[in-house]
Amino acid sequence: MVAAAVRLVKLVLMLADLEAKGVTRLTVACDRCPRRGAYRVARLVKQHGRDFDLVRLRLRLAADCPAYRTGQGTPRCGARFPQLPDLFRT
Ligand SMILES: [Zn+2]
């Protein structure tokens, strides 16, 4: 758990970081609902701006998950970015 917490510090990836790494499509998958998809990074940047971080992006994407609505404030949705292993597991 401590290792996971330390890793959280490095979690604040921005859309700009994806661009810098040449990632053009960001894959999203959820462990608790059947959703799966990919977002074009260029489109996300256009929508949210380069400085939008992936933590907020995940919350945004999780907000329309059916599993999320059963939660109480914190996302129940398991939406995560499989390209970024382990980073966004709940
Ligand atoms: Zn979900």
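Here, every reference points to the structure presented above.
Thresholds, definitions, all that
Residues numbered from 1 in each chain as written. Predicted model: local features only at pLDDT ≥ 70, side-chain atom pairs only at ≥ 80, totals over all residues. Helix = DSSP H or I, 4+ residues; strand = E, 2+ residues; numbered from the N terminus. Buried ≥ 20, exposed ≤ 12 C-beta atoms within 10 Å, placed from the backbone. Contact = placed C-beta atoms within 7 Å. Pairing = 2+ DSSP bridges. Core = buried A, V, L, I, M, F, W, Y, C linked by C-beta atoms within 7 Å. Arc of directions from axis to C-beta.

Caption draft 1: Broad picture of the overall build of the protein. Helix and strand content of the protein: 4 helices and 2 strands. Going from N to C terminus, the protein has its helices and strands arranged as α-α-β-β-α-α. Burial status across the protein gives 17% buried among its 90 residues. By sequence separation, contacts in the protein at least 24 residues apart represent 53% of the contacts at least 6 residues apart.

Caption draft 2: Just the pairing of strand β1 (residues 25-29), in detail. Alignment of β1 against strand β2 (residues 36-40), held across 5 bridges, turns out to be antiparallel. Residue pairing in the sheet places Ala 29 in a bridge with Arg 36 of β2. In sequence, β1 turns back onto β2 through a hairpin of 6 residues.

Caption draft 3: The environment of Gln 83, seen in detail. With respect to the element layout, Gln 83 can be found in the segment after α4 (54-62). In the structure, Gln 83 is positioned 58 residues away from Arg 25 in sequence and 9.6 Å away in space, judged by C-alpha atoms.

Caption draft 4: The nonpolar core, seen in detail. Among the nonpolar cores identified, the biggest contains 11 residues, and these are Leu 15, Leu 18, Leu 26, Leu 44, Leu 54, Leu 57, Leu 61, Ala 62, Cys 77, Ala 79 and Phe 81. For this core, the elements supplying multiple residues, two or more each, are α2 (15-20) and α4. If you tally residues by element for this core, the top one is α4, at 4 residues. In this structure Leu 15 touches Val 41, Leu 44, Val 45, His 48, Arg 50 and Phe 52, once residues within four positions along its chain are discounted.

Caption draft 5: Representation of α4 within the structure. Buried within α4 are the following residues: Leu 54, Leu 57, Arg 58, Leu 61 and Ala 62. Buried residues of α4, seen end-on, are gathered within an arc of 130 degrees and therefore sit on one face of the element.

Caption draft 6: Just the environment of Asp 51, in detail. On the secondary structure map, Asp 51 appears in the loop between α3 (41-48) and α4. What makes Asp 51 exposed here is the crowd of 9 C-beta atoms within 10 Å. Apart from residues no more than four positions distant in its own chain, Asp 51 is found in contact with Met 14 and Ala 16.

Caption draft 7: Representation of the environment of Leu 18 in the model. Relative to the elements of secondary structure, Leu 18 occurs in helix α2. Leu 18 gets classed as buried once you count the C-beta atoms within 10 Å, which come to 22. Along the chain, Leu 18 and Val 41 lie 23 residues apart, while their C-alpha atoms are 7.5 Å from each other. Aside from chain neighbours lying at most four places away, what touches Leu 18 is Val 23, Leu 26 and Val 41.

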